[in-house]
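A closer look at the structure
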Amino acid sequence: MRAVRLVLICILGALLAGCRSPAPGFFPLGIYTPGSTNSLEAIRAAGFNVVTGPASRDFLQAAGWHQLQVLAAIPSTPGRAFAAAPIQSTVRRLDGNTNLWAWYVADEPDLNGISPADVAQANRTVKRFGRKPTAVVLYSGSDALDYAAIPDILMIDRYPIPWLPLANFSQNVRLARFAAGPKKPLIAVIQAFDWNYYPELLANRPNLRVPTYDEIRCMTYCALAEGANGLFYYAYDDGKWRMSDHPATWDALRRVVGEVNQRLPLFTARHPWSGVYVTYADWASGWNEALESAVTATLLDVQAGNATVKKGKYVLSVNTTARTLQFQVHLSVLPETLAVFNENRNVRVNDGFVSDEIGPYAVHIYGPF
């Protein structure tokens, strides 16, 4: 009887608390700042499953109507003015809401001079009164080692277009993954806005512009190659940049998000050690602006496919430069020929490597094998 009573108590607790975390296999595909609840229908229709938003019951309910989870901001910012009381009240009231995905504890504390100790204090306060995951987003991967152990979910935002090379995005995601370790979820936040709308942040920078479709897609696959477990995009409507005023960018983003959803088994695949590496016909062209390999390559092990992506192993290759490159992907175990995914062509394997050409910011996926 005692065992039965314990089981009943656990079941009742789960029902009262609601869904404490997304279902296993959930791949966060989010977007920042919907602007208002009127935008949620378009965001969900585009293929997103998470939005950032306020910690309010009304917003959580509106998101739930559109089958969206919420990364909800805590009501007090870490630092000198931090107040635990409003967090205690908010977390106790909303933590069990089934539409709450995670608590947004801090936004770019490394950029804003908020110490790891202050972020840890805020994170402990949330965890004291709630059971949903916590998330912190960083600006710089080189600072991730100081913050990575604090939240349940580490996020990294890097918006390089066009004032930094696109390769800087990939580099910072890699540094954040190194700091997070192999088990902590890492989410990459990708630029989908024009820096011209924030002149106070990038003053006197010429030729600012919005990322192109190819750049947004390239950064998306760079995040996959560097081991990100989820993707967010900035932004839909933050009061300055409004996606509704930029239909071409919204169309580009919807295309990318639609592709991610179609190819979801690739984005949730295992990244086993493989020894894969890249060489170049012209070594001088083999470096990107971050002084790393111009083409990022990794092995993906898809263990459960779908109608688009079959089960098996794939080699992902992403060109992080604006140049067309002749390159070779080396892997110890390859078949004699490889299909190039979704390109209606095959490539020959000679002595354990594949030779191919890749265009600016392009993506080639070889497999399955």
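Let us look at the structure shown here. All values derive from a computational prediction rather than experimental measurement.

A few words now on helix 8 (residues 213-225). For the α-helix, the turn length of 3.6 residues means that residues three or four positions removed from each other point alike. If you check helix 8, its first and last C-alpha atoms are 18 Å apart, about what 13 residues at 1.5 Å a residue would give, namely 18 Å. Along helix 8, eleven of the 13 residues are buried, which leaves the element largely enclosed by surrounding structure. Taken together, the buried positions of helix 8 are Glu215, Ile216, Arg217, Cys218, Met219, Thr220, Tyr221, Cys222, Ala223, Leu224 and Ala225. The positive-phi residue at the C-terminal boundary of helix 8 is Gly227, with phi of around 95°.

Two measures describe an aromatic ring pair: the distance that separates the ring centres and the angle between the ring planes. Considering all chains together, one arrives at 20 aromatic pairs under this definition. Directly above the aromatic system of Tyr139 lies the positively charged group of Arg158, at a separation of 4.3 Å from the ring centroid. Above the plane of the ring of Tyr213 lies Arg255, whose end atom (NZ or CZ) is 3.8 Å from the centre.

This part takes up the layout of surface pockets. Estimates place the volume of the largest pocket at around 1,000 Å³. Every residue lining the largest pocket is counted, 44 residues in all, and those nearest its centre are Arg177, Gly227, Ala228, Asn229 and His271. Among the elements of the structure, helix 7 (167-180), helix 8, strand 9 (277-280) and strand 10 (295-302) are those that each provide at least two residues to the lining of the largest pocket. By residue number, the principal contributor to the lining of the largest pocket is strand 10, which donates five residues. Class assignment of the residues belonging to the lining of the largest pocket gives a composition of 26 nonpolar, eleven polar and seven charged. By volume, the second largest pocket is sized at about 610 Å³.

How each quantity is defined
Residues numbered from 1 in each chain as written. Predicted model: local features only at pLDDT ≥ 70, side-chain atom pairs only at ≥ 80, totals over all residues. Heavy atoms only, no water. Helix = DSSP H or I, 4+ residues; strand = E, 2+ residues; numbered from the N terminus. Expected span 1.5 Å × (residues − 1). Buried < 20%, exposed > 50% of the residue type's maximum accessible area, 1.4 Å probe, protein only. Phe/Tyr/Trp six-rings, centres within 6.5 Å; stacked < 30°, edge-to-face > 60°. Lys NZ or Arg CZ within 6 Å of the ring centre and 35° of its normal. 1 Å grid on protein atoms, 1.4 Å probe; cavity = no way out; pocket = protein on both sides within 12 Å on 5 of 7 lines; lining within 4 Å. Points joined across faces, edges and corners; volume = space filled by probe spheres on them. Nonpolar A, V, L, I, M, F, W, Y, C, P; charged D, E, K, R; others polar.

Read these as geometric descriptors, not functional statements.
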